[in-house]
Amino acid sequence: MELNFYKYQGTGNDFVMIDNRDLSFPKENTELVAKLCDRRFGIGADGLILLENDETSDFRMVYYNSDGNTSSMCGNGGRCIVAFAKSLGLIENSTRFMATDGLHDATIDADGIVSLHMKDVDHIKTGNGYIFLDTGSPHHVEFVEDVRQVNVAELGAKIRYSDMYGSAGSNVNFVKPEADGRFSVRTYERGVEDETLSCGTGVTAVAIAVHYLGKTKSETVKLNVEGGTLEVSFEVRDGKYSKVYLIGPAEFVFKGTFIV
Ligand SMILES: N[C@@H](CCC[C@H](N)C(=O)O)C(=O)O
């Protein structure tokens, strides 16, 4: 079987994108998804995303982590599928699509910057030296002296697999406030089981967390990630975060055919 694919990346978080409107992709084949994401035996990516028809919106997004399993919402992948849908001629510069956590509105500008509406957040848990919230995916956030000094793969895995988060686990974000008002973030991603160059739901969680903890009064937060810069904006009313937007680039890298 020949499988046509498109490779996209959003601040270094990269994805195999497949137009599955004909539903020909073997969606239950976990081994195939993991192989396609394998950086030596396959195409290589942090995740795989299917674009499918949806009865109530422009399209449906189905997300798999690189371990081959479907997972929760992917913010960077959500931005990339908007660029992908535009390249297919499905949409022009705005869209509403369905994802695992519900409907998302998004726009894409002339420079390819995608602004993605994320879910509201009204439940934030603070613990001893960390904060936990779900922005479409679960995120543990903790502050460090220097993100460069953190062994993200080792410490991230330790927290992700700890009793704190049970069998479901969590993504893990390490944050340092910068002098210019930005925040530097490194993320260990569940289902990739390693550090990724950025995580969209992760920086969204960090932006809300730093506001919730009073480390910024701004409702727009810029974040430095390993793969570039992302911006998160929101409104806060009575402790509820709404009108949450994840803003940043989403770029086509290459396309190809994979022989299954
Ligand atoms: N990279 C994604 C997050 C994808 C899901 C996450 N790995 C999980 O399983 O929770 C993003 O950009 O949000």
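Remember, predicted model here, so these are calculated numbers, not experimental data.

Cut-offs used in this document
Residues numbered from 1 in each chain as written. Predicted model: local features only at pLDDT ≥ 70, side-chain atom pairs only at ≥ 80, totals over all residues. Heavy atoms only, no water. Core = buried A, V, L, I, M, F, W, Y, C linked by side-chain atoms within 4.5 Å. Buried < 20%, exposed > 50% of the residue type's maximum accessible area, 1.4 Å probe, protein only. Helix = DSSP H or I, 4+ residues; strand = E, 2+ residues; numbered from the N terminus. Domains from an automatic or database assignment. Contact = heavy atoms within 4.5 Å. Right-handed = clockwise from strand over helix to strand, strands pointing away. Pairing = 2+ DSSP bridges. pLDDT = per-residue confidence, 0-100. Near = heavy atom within 4 Å. Polar contact = N/O pair within 3.5 Å; in protein donor to acceptor, adjacent residues only side chain to side chain. Areas by Shrake-Rupley, 256 points an atom, 1.4 Å probe, with all protein chains shown as cover. Phe/Tyr/Trp six-rings, centres within 6.5 Å; stacked < 30°, edge-to-face > 60°. Lys NZ or Arg CZ within 6 Å of the ring centre and 35° of its normal. Expected span 1.5 Å × (residues − 1). Salt bridge = Lys/Arg side-chain N within 4 Å of Asp/Glu carboxyl O. Buried area = accessible area lost by both parts, 1.4 Å probe. Nonpolar A, V, L, I, M, F, W, Y, C, P; charged D, E, K, R; others polar.

Some words on the nonpolar core
Of all hydrophobic cores here, the largest spans 50 residues; its most connected members are Met 61, Ile 81, Phe 97, Leu 223 and Phe 234. When residues of this core are assigned to their parent elements, the largest contribution, seven residues, is made by helix H4 (residues 200-212). Counting the residues that make up this core, at least three belong to each of domain 1 (2-115 + 250-259) and domain 2 (124-248). Here Phe 97 is in contact with Ser 57, Phe 59, Met 61, Gly 78, Ile 81, Val 82, Gly 102, Leu 103, His 104, Ala 106 and Leu 116, once residues within four sequence places are set aside. Residues Ile 18, Leu 32, Cys 37 and Tyr 64 belong to the second largest nonpolar core, which totals 16 residues.

Here we look at the pairing of strand E3 (residues 47-52)
Across the six residues that make up E3, a large majority, six, are buried. Burial along E3 is two-sided: Gly 47, Ile 49 and Leu 51 and Leu 48, Leu 50 and Glu 52, pointing in opposite directions, are all buried. The parallel pair strand E2 (residues 13-19) and E3, bridged by helix H1 (residues 30-37), forms a crossover whose chirality is right-handed. Note: E3 against strand E4 (residues 60-65), six bridges, orientation antiparallel. Across the sheet, the residue bridging to Glu 52 is Arg 60, located in E4.

Quick look at the confidence of the model for the protein
Put simply, the protein has an average pLDDT of 97, and 100% of its residues get 70 or more. In the predicted assembly, ipTM is 0.92 and pTM is 0.97.

With respect to the environment of Gly 42
Following the sequence through the fold, Gly 42 ends up in the loop between H1 and E3. Residue Gly 42 is classed as partly exposed on the basis of its relative accessible area of 23%. Apart from the residues lying within four places of it in its own chain, the contact partners of Gly 42 are Lys 35, Leu 36 and Phe 258.

Digging into the site of the ligand
Residues in close proximity to the ligand total 17 residues, the closest being Ser 71, Asn 171, Glu 189, Gly 200 and Thr 201. Take Arg 190: an N or O atom from its main chain is 2.8 Å from a nitrogen atom of the ligand. Expressed as a share of its isolated accessible area of 360 Å², the protein-covered part of the ligand is 100%. At the level of elements, E4, helix H2 (75-87) and H4 are the ones that each hand at least two residues to the shell around the ligand.

A closer look at the packing of aromatic side chains
Per the counting criterion, the structure on display carries nine aromatic pairs. Their ring planes at 50° and their centres at 5.0 Å tell us that Tyr 6 and Phe 84 sit as a pair that is tilted. Here the residue Tyr 6 occupies a position in strand E1 (residues 2-10), and Phe 84 occupies one in helix H2, the gap between them amounting to 78 residues. Three or more aromatic residues link up through ring pairs in this structure, and these residues are Tyr 6, Tyr 8, Phe 84 and Phe 252. If you follow Arg 160 out to its NZ or CZ, it ends over the ring of Tyr 161, 4.1 Å from the centre. Note that Lys 215 overlies the ring of Phe 143, its terminal NZ or CZ placed 4.6 Å from the centroid.

Digging into H2
When the terminal C-alpha atoms of H2 are compared, their 19 Å separation across 13 residues agrees well with the 18 Å that a helix rising 1.5 Å per residue should span. Burial of H2 is extensive: eleven of the 13 residues sit out of reach of the surface. Looking only at H2, the buried set comprises Gly 75, Asn 76, Gly 77, Gly 78, Arg 79, Cys 80, Ile 81, Val 82, Ala 83, Phe 84 and Ala 85. Looking one or two places after H2, you find Gly 89, whose phi comes out positive at around 80°.

Quick word on the pattern of salt bridges
Tallying each qualifying case throughout the model produces 16 salt bridges. Put simply, Asp 54 and Arg 60 hold a salt bridge, and the shortest N to O gap is 2.9 Å. Under the relative-accessibility criterion, Arg 60 is labelled partly exposed at 31%. For Asp 134, the salt bridge goes to Lys 119, with nearest N and O atoms at 3.6 Å. Of this pair, Asp 134 sits in strand E9 (residues 130-134) while Lys 119 sits in the loop between strand E7 (113-117) and strand E8 (124-127); the two residues are 15 residues apart in sequence, bridging distant segments of the chain. Here the salt bridges do not stand alone but share partners, grouping Lys 7, Asp 14, Arg 39 and Asp 46 into one network.

What to know about the domain arrangement of the protein
In terms of domain boundaries, the protein breaks down into domain 1 (2-115 + 250-259) and domain 2 (124-248). Taken residue by residue, the interface counts 22 residues in domain 1 and 22 residues in domain 2. Carbon and sulfur atoms supply 45% of the area buried between domain 1 and domain 2, which totals about 1,500 Å² over both sides. A per-residue breakdown of the area domain 1 buries against domain 2 is headed by Thr 11, Arg 79 and Ser 115, which together make up 30% of the total. On inspection of domain 1 and its partner domain 2, the count reaches zero salt bridges. For the interface between domain 1 and domain 2, the tally reads twelve residue pairs in polar contact (both at pLDDT 80 or more). Class assignment of the residues belonging to the side of domain 1 that touches domain 2 gives a composition of six nonpolar, twelve polar and four charged.

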